[in-house]
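# Residue-level structure breakdown
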Amino acid sequence: MSAPARLAAFAAAIAVLFGGTVAAGRAIGGGSDDARPASARGSSAGMTGMDTGHGAEAAGDHDGDEPSTAVAPGLAVAQGGLRLEAPSRARAGRTTTFAFRIVDAHGAPVRRFAVEHARRLHLIVVRRDLTGFQHLHPRMDPSGRWTTQLRLPTAGAYRVFADVRPVGSEKVTLASDVLVGGRFSPRALPAPSTTAMTADGYQVSLDGTAGAGREGELRFTVRRDGRPVAVQPYLGADGHLVALRDGDLAYLHVHPTDGRAPGRIGFMAEYPSAGRYRLFLQFRHAGRVHTAAFTQEVPAA
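This write-up is about the structure you can find in this document. (Residues numbered from 1 in each chain as written. Predicted model: local features only at pLDDT ≥ 70, side-chain atom pairs only at ≥ 80, totals over all residues. Heavy atoms only, no water.)

The next subject is the packing of aromatic side chains. Taken as a whole and judged by the stated rule, the model has nine aromatic pairs. Ring geometry for Tyr-202 against Phe-283: centres 5.5 Å apart, planes inclined by 75 degrees, an arrangement best described as edge-to-face. Of this pair, Tyr-202 sits in the loop between strand 11 (195–197) and strand 12 (203–207) while Phe-283 is found in strand 19 (residues 275–285), placing the two residues 81 residues apart along the sequence. Ring geometry for Phe-220 against Phe-294: centres 5.5 Å apart, planes inclined by 55 degrees, an arrangement best described as tilted. Highlighted residues: Phe-220 in strand 13 (residues 216–224) and Phe-294 in strand 20 (residues 288–298), separated in sequence by 74 residues. As far as the burial class goes, Phe-220 and Phe-294 line up, both buried. Counting every residue linked through ring pairs, the aromatic cluster contains Phe-98, Phe-100, Phe-113 and Trp-146. Its guanidinium or amino end placed over the ring of Tyr-202, Arg-224 lies 4.6 Å from that ring's centre, counting from NZ or CZ. (Phe/Tyr/Trp six-rings, centres within 6.5 Å; stacked < 30°, edge-to-face > 60°. Helix = DSSP H or I, 4+ residues; strand = E, 2+ residues; numbered from the N terminus. Buried < 20%, exposed > 50% of the residue type's maximum accessible area, 1.4 Å probe, protein only. Lys NZ or Arg CZ within 6 Å of the ring centre and 35° of its normal.)

In structure tokens, the structure reads:
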């Protein structure tokens, strides 16, 4: 065979081999879909954030062969088909009207909520170094717009939590960040302690603990001048407790217990993991609401 003939045969073989490779690639699953950006190929959950129910599986469908991963409350702006639409910027030291909405998967405002702890919505605000805790109760107008007066005293990144239970659905905690410009010096988390003082002179002690993945009772005793005080009802119970995980600010739902002695307040709680948590206890006495904060170290199970 002459040299030109050999070259022509070699080129034909290469063409056949290349064409087979392209065909195999298309059969495996490439093609025009792979040319789209990853965001366009993702599911609708990827467009709406972490759109899963409280205590449901993490984003993605499972056929039962894989273990499910519970979504800790307070980590997502969207969950259970709901989304929190709230301002993301504020100015330090200025009281403003903080307005927000909770919308469904179609962007329509949700307007029917069940009463939980004497309110339809609890708005918790805290700086990401777990200082500046506030517990507010906004009002909703007929359009589904919630408003409350909010003052963020210093610069930093704040987390707002909307704790609600839509009628006919499970309880959900949606959250987002509000950034306040200016010089910011984060504070170290206080060391774990079983005692705390409120700003107005009450001494509060903590007895008992819940574990990582194990429910237990947290028991608080409120004293003034060394003597237990009889707390007054607050939000339908002896007190209100919020627990936040250091690092990501996962939000814990706790449930008050009844029938304790004067000055004693109890809650059933279960921590989702080991680590440090900041506990904010609120109680009413002498017609005012007081707040005591604790750091608790939760060991691994």
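After presenting the structure, the write-up continues.
Strand order in the open sheet formed by five strands is 3-10-9-5-6, with mixed pairing between adjacent strands. With partners counted over all chains shown, the strands left at the sheet margins are strand 3 (89–90) and strand 6 (134–136), one partner each. As judged from the three bridges shared by strand 5 (residues 121–127) and strand 6, these two strands associate in the antiparallel manner. Each bridged residue has a counterpart across the sheet, and for Leu-123 the counterpart in strand 6 is Leu-136. (Pairing = 2+ DSSP bridges.)

Take it as geometry only, folks, not as evidence of what the structure does.
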